[in-house]
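# Geometric and topological summary
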Amino acid sequence: MSAPLQAVRGISDILPADSGRWHWLEQTIREVIAGCGYHEIRLPLLERTELFQRSIGDLTDIVQKEMYTFTDRNGDELSLRPEGTASCVRAALQHGLLQQPQRLWYQGPMFRHERPQKGRYRQFHQIGVEAFGFPGPDIDAELITLSARLWRALGIDAVRLEINSLGTPDERQQYRRELQDYFRRHEAELDDDSRSRLERNPLRILDSKNPALQQLVAAAPLFEQHLGAESRAHDAHLRRLLDAAGVVYHHNPRLVRGLDYYTHTVYEWVTDQLGAQGTICAGGRYDGLVAQFGGKPTPAVGFALGLERVLELATGAPAPGEAAADCYLMPLDATAELVALRLAGQLRDALPRRRIVLHCGGGSLRAQMKRADRSGAALGLILGADECARGEVSLKYLRADRPQEALSLDAVVARLQAEFARV
Ligand code: ATP
Ligand code: MG
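Summary of the structure given here. (Residues numbered from 1 in each chain as written. Chains lettered and ligands numbered in written order. Predicted model: local features only at pLDDT ≥ 70, side-chain atom pairs only at ≥ 80, totals over all residues. Heavy atoms only, no water.)

### Thoughts on the overall build of the protein chain
Put simply, the rule reads: In this text, helices come from DSSP runs of H or I with a minimum length of four residues, and strands from runs of E with a minimum of two, each type numbered from the N-terminal end. Only C-alpha atoms enter the radius of gyration; for comparison, a globular chain is expected to reach 2.2 Å times N to the power 0.38, where N is the number of residues. Throughout this description, buried means an accessible area under 20% of the type-specific maximum (1.4 Å probe, protein chains only), exposed means over 50%, and partly exposed covers the range between. In what follows, a contact means two residues having at least one pair of non-hydrogen atoms within 4.5 Å. The sign given to each residue is positive for Lys and Arg and negative for Asp and Glu; His and the chain ends receive no count. All charge positions are set by atom: Lys at NZ, Arg at CZ, Asp at CG, Glu at CD.
Along the protein chain, the regular secondary structure elements total 15 helices and 16 strands. Computed over the C-alpha atoms, the radius of gyration of the protein chain is 28 Å, more than 25% above the 22 Å expected from 2.2 N^0.38 for a compact globule of 423 residues. Overall, the C-alpha framework of the protein chain stretches about 90 × 60 × 45 Å when taken along its three principal axes. Counting only residues that meet the buried cut, the protein chain has 49% of its 423 residues in that class. Considering only intrachain contacts with a sequence separation of at least 6, the fraction spanning at least 24 residues in the protein chain is 70%. Considering the protein chain, the positive charge centre built from 52 side chains and the negative charge centre built from 55 side chains are found 2 Å apart.

Take a look at the structure:
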């Protein structure tokens, strides 16, 4: 016999013991985001490869090395989405949503063929928020305060906000040349990755995670000198708003984003509690992207957070473990099964938030009691042949030292409602 199949490397299952934590995480985030007036958009997992080439850029690691790309049966080049912004812009344009300002959010799995390690997976989950049609720093501040609100709701405090301005594409062009000159002078010290970025995308060298390059990167020329008056004003206004909102930030002049379409504000929320994978949320403004897709020039800003990393930090998360049942029904023969199925339906109608588990698979009372005990239920309902014939069931307290009671079938629903109302 062949060995049982395993999941693909870097792609994990979320098991029943953990799904409760994920529900809590997603629900908490959803409530905060919706509470700020954002609307959910559900986007497909598959897109044309071209979409990501045109948005994220041919020269980025994501498009060059990390995408899951294939040709489908019609010969179309498709990719599993590595991020959500490109799809969000595509969908907004395709459906004419950008005639007016939009506040949108999305969630779901993303796919990148990276080297798997703690906090870095090949399928991971993001929640992303995007706002279109707002040119000013007021919306940048709204998004940043929204993320700060998320951390509070999740019980995360070991995070630090780093912000920077990437100015306009023109301003960046000048800086790019200066940076290129600098790194060319130090070409011998660069690693292979950085050398390959030197001609195509020298700003990305600043993003290198290689410790051996940190000194060289630290001494590189800064972008700030190239910022024009408008870019400076945008940045200064944003900082005033953050100060007023009481959001603490740190200016990191070396913060660049891996993606090419950013303009002006960029930011990251980082922690030192997760080792090398310390960025839990990253975002910024990308005023050029909608026009790059053929739409009317539309200012845009957004962020995405990595749910796996956020969950690691969230002190408000419930402990791992499967949610216990509330009530376990034990039909002891075939006639009782008919009654139990109907009774379970009535209980589920009357107690929609409770877990009502109906024993399946028959067996002796002893065997069924064992399962009831393992389900974690507080209450058991025993439906024996004689009892059913009398129109009765036995209520058993599985977690309390209270005597078993005989109940008339008609009284069960009301009695359980009363029992659960007390806890
Ligand atoms: P990193 O620098 O860690 O590679 P990134 O710049 O590639 O991150 P973004 O594309 O900005 O990340 O994605 C936003 C967030 O999604 C990241 O801050 C991180 O929390 C999460 N994330 C990105 N890639 C992964 C991954 N492979 N596994 C788990 N989470 C990820
Ligand atoms: Mg990355």
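### Section: the pattern of salt bridges
Oppositely charged side chains are able to pair whenever their charged atoms sit close together. Test applied: Whenever a carboxyl oxygen of Asp or Glu lies within 4 Å of a side-chain nitrogen of Lys or Arg, that contact is scored as a salt bridge.
If you walk through the whole model with that rule in mind, you get 25 salt bridges. Measuring nitrogen to oxygen at the nearest pair gives 4.0 Å for the salt bridge that ties Asp61 to Lys65. Pair noted here: Asp61 and Lys65 are both in helix H3 (residues 61-66), with a separation of four residues, about one helical turn. Here Asp140 ties to Arg285 by a salt bridge, and the two come within 2.7 Å at their closest N and O atoms. Placement of the pair is Asp140 in helix H5 (residues 137-154) and Arg285 in strand E10 (residues 279-285), with a sequence separation of 145 residues. A relative accessible area of 0% places Arg285 in the buried class. Beyond isolated ion pairs, a larger network of salt bridges with shared partners links Asp61, Lys65, Asp193, Arg197, Arg204 and Asp207.

### Notes on unusual backbone geometry
Of note in this structure, His264 is not a glycine but carries a positive phi near 50°. Residue placement: His264 occurs in strand E9 (residues 263-270).

### Observations concerning the sheet that holds strand E4 (residues 77-80)
Our working definition: What makes two strands pair is DSSP finding at least two bridges between them. Axis angles are defined between N-to-C directions and span 0 to 180 degrees, where every axis is a line fitted to C-alpha atoms and, for a helix, only to the segment in contact.
Read across the sheet, three strands follow the order E2-E4-E3 without closing on themselves; strand pairing throughout is antiparallel. Every other strand in the sheet has two partners, leaving strand E2 (46-48) and strand E3 (69-71) as the edge strands with one partner each. On average, each strand axis in the sheet is tilted by 35° relative to the strand beside it, whichever way the strands run. In terms of strand pairing, E3 meets E4 through three bridges, oriented antiparallel. Note on E4: the bridge partner recorded for Thr71 is Glu77.

### What to know about the site of ligand 1
Quick note on the threshold: One heavy atom suffices: a residue is near a molecule or strand as soon as one of its heavy atoms comes within 4 Å of it. N or O atoms closer than or at 3.5 Å make up a polar contact, with two conditions inside protein: a donor-capable atom paired with an acceptor-capable one, and, for residues adjacent in sequence, both atoms drawn from side chains. All accessible-area figures derive from a Shrake-Rupley calculation using a 1.4 Å probe, and residue coverage is judged against the displayed protein chains alone. Each residue is assigned to one of three groups, with Ala, Val, Leu, Ile, Met, Phe, Trp, Tyr, Cys and Pro labelled nonpolar, Asp, Glu, Lys and Arg labelled charged, and all others, Gly among them, labelled polar.
Surveying the vicinity of ligand 1 reveals 16 residues, the closest of which are Arg112, Glu114, Arg120, Arg257 and Thr279. At a separation of 2.9 Å, an oxygen atom of ligand 1 approaches a polar side-chain atom of Arg120. In isolation ligand 1 has 580 Å² of accessible area, and contact with the protein removes 91% of it. At four residues, E10 tops the list of elements feeding residues into the shell around ligand 1. For the shell around ligand 1, a count of residues per class yields six nonpolar, four polar and six charged.

### Things to note about the side chain of Ser394
Note on placement: Ser394 falls in strand E15 (residues 392-397). Ignoring sequence-local partners within four residues, the contact set of Ser394 consists of Gly380, Leu381, Ile382, Glu387, Gln404 and Glu405.

### Observations regarding the packing of aromatic side chains
The geometry of an aromatic ring pair comes down to the distance between the two centres and the angle between the two planes. Keep this limit in mind: Any two rings among Phe, Tyr and Trp, with Trp reduced to its six-membered ring, count as a pair given centres within 6.5 Å; such a pair is stacked if its planes are under 30 degrees apart, edge-to-face if over 60, and tilted if neither. Any Lys NZ or Arg CZ found within 6 Å of a ring centre and within 35 degrees of that ring's normal is scored as a charge over the ring.
Going through the model one piece at a time under the given rule, you end up with five aromatic pairs. Ring geometry for Phe132 and Tyr286: centres 6.3 Å apart, planes at 85°, overall edge-to-face. Highlighted residues: Phe132 in strand E6 (residues 123-132) and Tyr286 in the loop between E10 and helix H10 (289-292), separated in sequence by 154 residues. The exposure classification of Phe132 matches that of Tyr286, with both residues buried. Consider the rings of Tyr175 and Phe223, whose centres lie 5.0 Å apart with planes at 50°: the pair is tilted. Of the two residues, Tyr175 is situated in helix H6 (residues 169-185) and Phe223 in the loop between helix H8 (214-218) and helix H9 (229-245); the sequence distance between them amounts to 48 residues. Residue Tyr175 is classed as buried on the basis of its relative accessible area of 3%. The exposure class assigned to Phe223 is buried, which follows from its relative accessible area of 4%. Here the aromatic cluster, defined as three or more aromatic residues joined through ring pairs, consists of Phe132, Tyr262 and Tyr286. Just above the ring of Tyr397 sits the side chain of Arg402; from NZ or CZ to the centre is 3.8 Å.

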